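One letter stands for each residue in the lines below.
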Amino acid sequence: MSPEVVSRHFAALGSTCELLSLGSGQAALERCEARVREAEARFTRFLPASELAHLNAGDGRYLPVSSEMFAMLEAALWAFEESEGLVNAAVLPAMVSAGYDRPFRLGLTEPASAAPVQLPPLPQLLILDAATRSAALAPGAALDLGGIAKGALADLLIEELGDNAVCNLGGDVRIRGTGPERDGWHIGLCDHSAVALTEGAVCTSGTTRRRWGQSSHHLIDPRTGLPARTDLAEVSVVTDSALRGEVYAKCAMLLGSAAGLAFLEARGVHFAAVPTVTSGDRALGAAA
């Protein structure tokens, strides 16, 4: 008798999360949900008592951090270098300036005006000391680890879920195993196509869901400090890890259709993209 797919759906990390597993049982899914909620409490910017909030208020001092936080800060620095500066976790002041100063579910207000400002490179603002497992954040700087945390956590949780499972944390999807039909897990992309994977990740970034006011959304361009002006509505990237997919999809969104899709093609990943204005509901897409 074939093992049954067990699933668990819940809201966390400001998103909808979904866990699927063949053969691991509900106990594994419950453990994973508990780890997601623990990570949310640690990495959220909305709780004054969170570890991230404590670091953001450090005013330039070296502060001891947990092993989980240290690993996430290393991931943030890697994302900055891998994206050539386009994924900068130090966007929090710009996000607050754009009106994203509270959880999205509470409703946001678009500011009357916002002045462009180029964000300093993350390595100039964040310094890690592995010997003491501590971190220092420049005075006035503040981090948002939302997307990076979702991607990195999905890569970690797939180990907990077993050899045949899916971990979807708000659009950052990590896959392992042959799936219920033994031909891989079938994952939808933003253009309504799908891929079947036995190992890897599918990550989607976009500006269509977290929007407020006339033109504000959560995707901040670190080159301007303002919500990104892009001709792409959504991008899905298929790659080896959810953290890499999160970074690549965000880069493509920020760069726009011409430079963004060239960025993905140069890295040899399969992707799909939907422009902000479609013609006959057709979407852009390519595979490498």
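Structure shown above.
These numbers come from a predicted model, not from an experiment. (Residues numbered from 1 in each chain as written. Predicted model: local features only at pLDDT ≥ 70, side-chain atom pairs only at ≥ 80, totals over all residues. Heavy atoms only, no water.)

**Section: the nonpolar core**
L122, L143, L145, I148, L169 and L264 are the most contacted members of the largest nonpolar core, which has 69 residues in total. Looking at this core element by element, the count peaks at 12 residues for helix α7 (residues 242-266). For I148, the residues in contact, after removing those within four places along its chain, are M72, A75, A76, A79, V87, A89, L243 and E246. Formed by 15 residues, the second largest nonpolar core is a distinct cluster that contains L20, L22, L189 and V202. (Core = buried A, V, L, I, M, F, W, Y, C linked by side-chain atoms within 4.5 Å. Buried < 20%, exposed > 50% of the residue type's maximum accessible area, 1.4 Å probe, protein only. Helix = DSSP H or I, 4+ residues; strand = E, 2+ residues; numbered from the N terminus. Contact = heavy atoms within 4.5 Å.)

**Thoughts on unusual backbone geometry**
A positive phi angle, near 55°, is found at L13, a position not held by glycine. Counting through the fold element by element, L13 comes out in the loop between β1 (5-12) and β2 (15-22). Residue classification places L13 among the buried residues on the basis of a relative accessible area of 18%. One non-glycine residue with positive phi stands out, namely D59, at about 55°. By secondary structure assignment, the location of D59 is in the loop between α2 (51-56) and β3 (62-64).

**Topic: the side chain of E234**
As for its position among the elements, E234 is in strand β15 (residues 232-239). Buried and unpaired, E234 has no salt bridge, with R209 as the nearest side chain of opposite charge at 4.6 Å. Once you skip the residues sitting within four places of it in the chain, E234 turns out to touch C190, T204, S205, G206, T208, M253, A272, A273 and V274. (Lys, Arg positive; Asp, Glu negative; His and termini not counted. Salt bridge = Lys/Arg side-chain N within 4 Å of Asp/Glu carboxyl O.)

**Some thoughts on helix α3 (residues 67-82)**
The end-to-end C-alpha distance of α3, which contains 16 residues, comes to 22 Å, matching closely the 22 Å that a straight helix rising 1.5 Å per residue would cover. Positive backbone phi, approximately 55°, marks E84, located one or two places after α3. (Expected span 1.5 Å × (residues − 1).)

**What to know about helix α6 (residues 146-161)**
Helix length check: α6, at 16 residues, gives a terminal C-alpha distance of 22 Å against a target of 22 Å (1.5 Å per residue), a fit within 8%. Maximal helix bending in α6 amounts to about 25°, located at D155. Tucked into the core, α6 has its buried residues touching β2, α1 (26-43), α3, β6 (165-169), β7 (172-176) and α7. (Bend = angle between axes of the 7 residues up to and from the residue.)

**Looking at the packing of aromatic side chains**
Applying the stated rule across the entire model yields 3 aromatic pairs. Consider the rings of F46 and Y100, whose centres lie 6.2 Å apart with planes at 40°: the pair is tilted. On the criterion of sequence distance, the pair formed by F46 in the loop between α1 and α2 and Y100 in the loop between α4 (92-97) and α5 (122-125) is long-range, its members being 54 residues apart. Geometrically, the ring pair formed by Y248 and F263 is edge-to-face, given 5.6 Å between the ring centres and 90° between the ring planes. Residue Y248 shares its accessibility class with F263, and that shared class is buried. Taken together, the ring pairs connect F46, Y100 and F104 into an aromatic cluster. Across the ring face of Y100, the terminal group of R45 is positioned such that the distance to the ring centre comes to 4.6 Å. (Phe/Tyr/Trp six-rings, centres within 6.5 Å; stacked < 30°, edge-to-face > 60°. Lys NZ or Arg CZ within 6 Å of the ring centre and 35° of its normal.)

**Quick notes on the sheet that holds strand β4 (residues 126-129)**
The 3 strands are arranged β3-β5-β4 in an open sheet whose pairing can be described as antiparallel. The open sheet has two edge strands, β3 and β4, and neither has a second partner. When strand polarity is set aside, the average angle formed by the axes of neighbouring strands in this sheet is 25°. Here β4 pairs with strand β5 (residues 134-137) via 4 bridges, running antiparallel. Each bridged residue has a counterpart across the sheet, and for I127 the counterpart in β5 is A136. (Pairing = 2+ DSSP bridges. Axes fitted to C-alpha atoms, helices over the stretch in contact; angles between N-to-C directions.)

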